[in-house]
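Next come the chains, spelled out residue by residue.
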Amino acid sequence: MADKEAKHGAKKSTPAKKRGPDPSACPGEAPAGPCSCGKSDLPAFPSPFLAEQVVSDLDEAGMRRKLDDTLQLNLFLAGRGKERRSEQAAALATGADPASASDPARAAQDLAYQAMEKGDTECSRDLVRQALKLDPGCVDARVLQATSHRFPITLARVLRALQEAVAIAEERLGKKYLAEHTGSFWGLTRTRPYMRARLQWAEAIYRAGRLSEAIAHYEQLLELNPRDNQGVRNLLLSAYLETGQAEACRRLLDQYGDHSAIFLWSAVLERFLAKDEAGLRAALKEAREQNRFVEPFLSGKKPVPAQLPGYYSQGDRNEAVISASLLGEAWKKHPAAGSWLGKKRS
């Protein structure tokens, strides 16, 4: 545990959001389920993607608006979560064939949830194949297939596959739905496969070196979901700085007003690019107070570890590694900033 945590008590750990192909890292929930390994590893409620699956049930039943009371809603979610676990356990025990489902698209989505729960594993690959057999247009399954290291394909093919997944998601939602619900995405569970696919496509475009296109996608994702449950603002900040767009970076910093290490160290580079000496001194002071461990990575005194941590706490070394990983390319694009930082005494 980091020094700061050891002195002041453990802080809540936050799952790290890393740049790269990891659709299962998006906030959401789904149960684990049957796969080729035959293991029953159903997680306790709530688990990643389970809440999303249960809320989807609620939406399909048209009950969400009827359960305005928070207690009623929570009771329903908990009860449906238990039912979901029982259904999965029964499927494991009886060896039920997903192909026998009365609603193939829904069954495919459930398999995709289970695949996301399992991460990039052989079991996940089997579940993805089952899902696509049931519904070739299952967006989450297509994204998993395109981004999994267990389906080795070139970046060009990844880009095509993700573009196709986004196109399918847009067609299924419909232009009218997209227009009417802009600003409310992610809160509507049926939009989440589209949002996951769109973000993965944007990230693949970024890795292809097409920064202007990636920025446009990030901006559109934030228009669709200003609450930004996916952490797109961090990626957009880095891209703005990498391309020297200090004014756009400042607008985003002001819009969200985060006090995370990523935001505060972004503000340091933004003030440097803006040539605001007084603002730069103030930004550096605040960033150091929030997380001093980021500085040696950005100044080039320490290399960013290749293996990134899965979790971090505010102010600890893990947060510094994640922050430097996201902002490293932006700082490298402006070597004078790194040189200046390396000469500043704490």
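Residues numbered from 1 in each chain as written. Predicted model: local features only at pLDDT ≥ 70, side-chain atom pairs only at ≥ 80, totals over all residues. Heavy atoms only, no water.

### What to know about the overall build of the protein
Then, in step 1: Across its full length, the protein carries 17 helices and three strands.
Then, in step 2: Each of the 346 residues in the protein was classed as buried or not, and the buried ones make up 48%.
Then, in step 3: A sequence separation of at least 24 residues applies to 63% of the contacts in the protein between residues at least 6 apart.
Then, in step 4: For the protein, the exposed area adds up to about 17300 Å²; of that, 51% sits on carbon and sulfur atoms. (Helix = DSSP H or I, 4+ residues; strand = E, 2+ residues; numbered from the N terminus. Buried < 20%, exposed > 50% of the residue type's maximum accessible area, 1.4 Å probe, protein only. Contact = heavy atoms within 4.5 Å. Areas by Shrake-Rupley, 256 points an atom, 1.4 Å probe, with all protein chains shown as cover.)

### Digging into the side chain of Asp316
Then, in step 1: With respect to the helices and strands, Asp316 occurs in the loop between β3 (311–312) and α16 (317–332).
Then, in step 2: In terms of polar contacts, Asp316 uses its side chain to reach the backbone amide nitrogen of Asn318, at 3.2 Å. (Polar contact = N/O pair within 3.5 Å; in protein donor to acceptor, adjacent residues only side chain to side chain.)

### Remarks on the pattern of salt bridges
When their charged atoms lie close together, side chains carrying opposite charge are able to pair.
Then, in step 1: Scanning the model with the defined rule gives 16 salt bridges in all.
Then, in step 2: Where Arg125 meets Glu122, a salt bridge forms, and the shortest distance between an N and an O atom there is 2.5 Å. Highlighted residues: Arg125 and Glu122, both in helix α5 (residues 122–134), separated by three residues, approximately one helical turn.
Then, in step 3: With relative accessibility at 18%, the residue Arg125 sits in the buried group.
Then, in step 4: Of the residues examined, Glu122 reaches a relative accessible area of 32% and is grouped as partly exposed.
Then, in step 5: Ionic pairing is found between Glu295 and Arg288, a salt bridge with its closest N-O pair at 2.8 Å.
Then, in step 6: By relative accessible area, Glu295 is classed as buried at 8%.
Then, in step 7: Among the charged side chains, a salt-bridge network with shared partners connects Arg250, Asp254, Glu270, Arg271 and Asp276. (Salt bridge = Lys/Arg side-chain N within 4 Å of Asp/Glu carboxyl O.)

### What to know about the packing of aromatic side chains
Then, in step 1: Overall, the coordinates contain three aromatic pairs when judged by the stated rule.
Then, in step 2: Both rings, one in Phe272 and one in Trp340, keep their centres 5.9 Å apart while their planes meet at 45°; by these two values the pair is tilted. You can see Phe272 sitting in helix α13 (residues 261–273) and its partner Trp340 sitting in helix α17 (residues 335–343), a full 68 residues away along the chain.
Then, in step 3: Here the aromatic cluster, defined as three or more aromatic residues joined through ring pairs, consists of Tyr177, Phe185 and Tyr194.
Then, in step 4: Stacked on the ring of Tyr177, the Lys or Arg Arg190 has its end atom at 4.4 Å from the ring centre. (Phe/Tyr/Trp six-rings, centres within 6.5 Å; stacked < 30°, edge-to-face > 60°. Lys NZ or Arg CZ within 6 Å of the ring centre and 35° of its normal.)

### Here we look at the packing of helix α10 (residues 211–224) against helix α11 (residues 232–242)
Then, in step 1: Taken N-terminus to C-terminus, the directions of α10 and α11 make an angle of 145°; their axes are 10 Å apart at the nearest point. Judged by the twist between their axes, the crossing of α10 over α11 is left-handed. Each of Leu211, Ile215, Tyr218, Glu219, Leu221 and Leu222 in α10 lies in contact with α11, whose residues at this interface are Val232, Arg233, Leu235, Leu236, Ala239, Tyr240 and Glu242.
Then, in step 2: Considering only residue class, the contact of α10 with α11 consists of ten nonpolar, no polar and three charged. (Axes fitted to C-alpha atoms, helices over the stretch in contact; angles between N-to-C directions. Left-handed = near helix turned anticlockwise from the far one by under 90°. Nonpolar A, V, L, I, M, F, W, Y, C, P; charged D, E, K, R; others polar.)

### Re the nonpolar core
Then, in step 1: Judged by nonpolar contacts, the single largest core of 71 residues is most densely connected at Tyr194, Tyr218, Trp265, Val268, Leu298 and Trp331.
Then, in step 2: With nine residues, helix α9 (residues 192–207) is the largest single contributor of residues to this core.
Then, in step 3: Listed in part, the 16 residues of the second largest apolar core include Tyr113, Ala115, Cys138 and Ala141. (Core = buried A, V, L, I, M, F, W, Y, C linked by side-chain atoms within 4.5 Å.)

### Some thoughts on the packing of α11 against α16
Then, in step 1: As a packed pair, α11 and α16 sit with axes 7 Å apart at the nearest point and diverge in direction by 15°. When the axis of α11 is compared with that of α16, the two are roughly parallel. Of the two possible hands of crossing, α11 and α16 adopt the one that is right-handed. Listed contacts from α16 to Asn234, Leu235, Ser238, Leu241 and Glu242 of α11 are Leu326, Leu327, Glu329 and Ala330. (Parallel < 35°, antiparallel > 145°, perpendicular 65-115°, else oblique.)

### Describing the side chain of Ser148
Then, in step 1: If you trace the backbone, Ser148 turns up in the loop between α6 (139–147) and α7 (155–173).
Then, in step 2: Residue Ser148 is classed as buried on the basis of its relative accessible area of 13%.
Then, in step 3: Of note is the side chain of Ser148, whose polar atom sits 2.4 Å from the side chain of Asp120.

### Describing helix α14 (residues 277–290)
Then, in step 1: Given a rise of 1.5 Å per residue, 14 residues ought to cover 20 Å, and the 20 Å separating the end C-alpha atoms of α14 matches this to within 8%.
Then, in step 2: Where α14 is concerned, the buried positions are Gly279, Leu280, Ala283, Leu284, Ala287, Arg288 and Gln290. Buried residues of α14, viewed axially, fall in a sector of 160°; they line one side. Facing away from the buried side of α14 by more than 90 degrees, the exposed set consists of Arg281, Lys285 and Glu289. (Expected span 1.5 Å × (residues − 1). Arc of directions from axis to C-beta.)

### A short note on α9
Then, in step 1: Look at α9: 23 Å from first C-alpha to last across 16 residues, which is about the 22 Å you get at 1.5 Å a residue.
Then, in step 2: Summarising burial for α9: 15 of the 16 residues are buried, a large majority.
Then, in step 3: After α9 finishes, the residue Gly209 shows a positive phi value of roughly 85°.

### Description of the confidence of the model for the protein
Reading predicted coordinates in detail is not appropriate for stretches of low pLDDT.
Then, in step 1: Within the protein, residue pLDDT values average 82, and 71% of them lie at 70 or more.
Then, in step 2: Every residue in residues 1–11 scores below 50 in pLDDT, and together they form 16 contacts with partners more than four places removed in sequence or on other chains.
Then, in step 3: The model gives residues 21–46 a pLDDT under 50, and that stretch makes 89 contacts with residues more than four places away or in other chains. (pLDDT = per-residue confidence, 0-100.)

### Some words on the environment of Val321
Then, in step 1: Inspection of the secondary structure puts Val321 in helix α16.
Then, in step 2: Separated by 18 residues in sequence, Val321 and Pro303 place their C-alpha atoms 9.5 Å apart.

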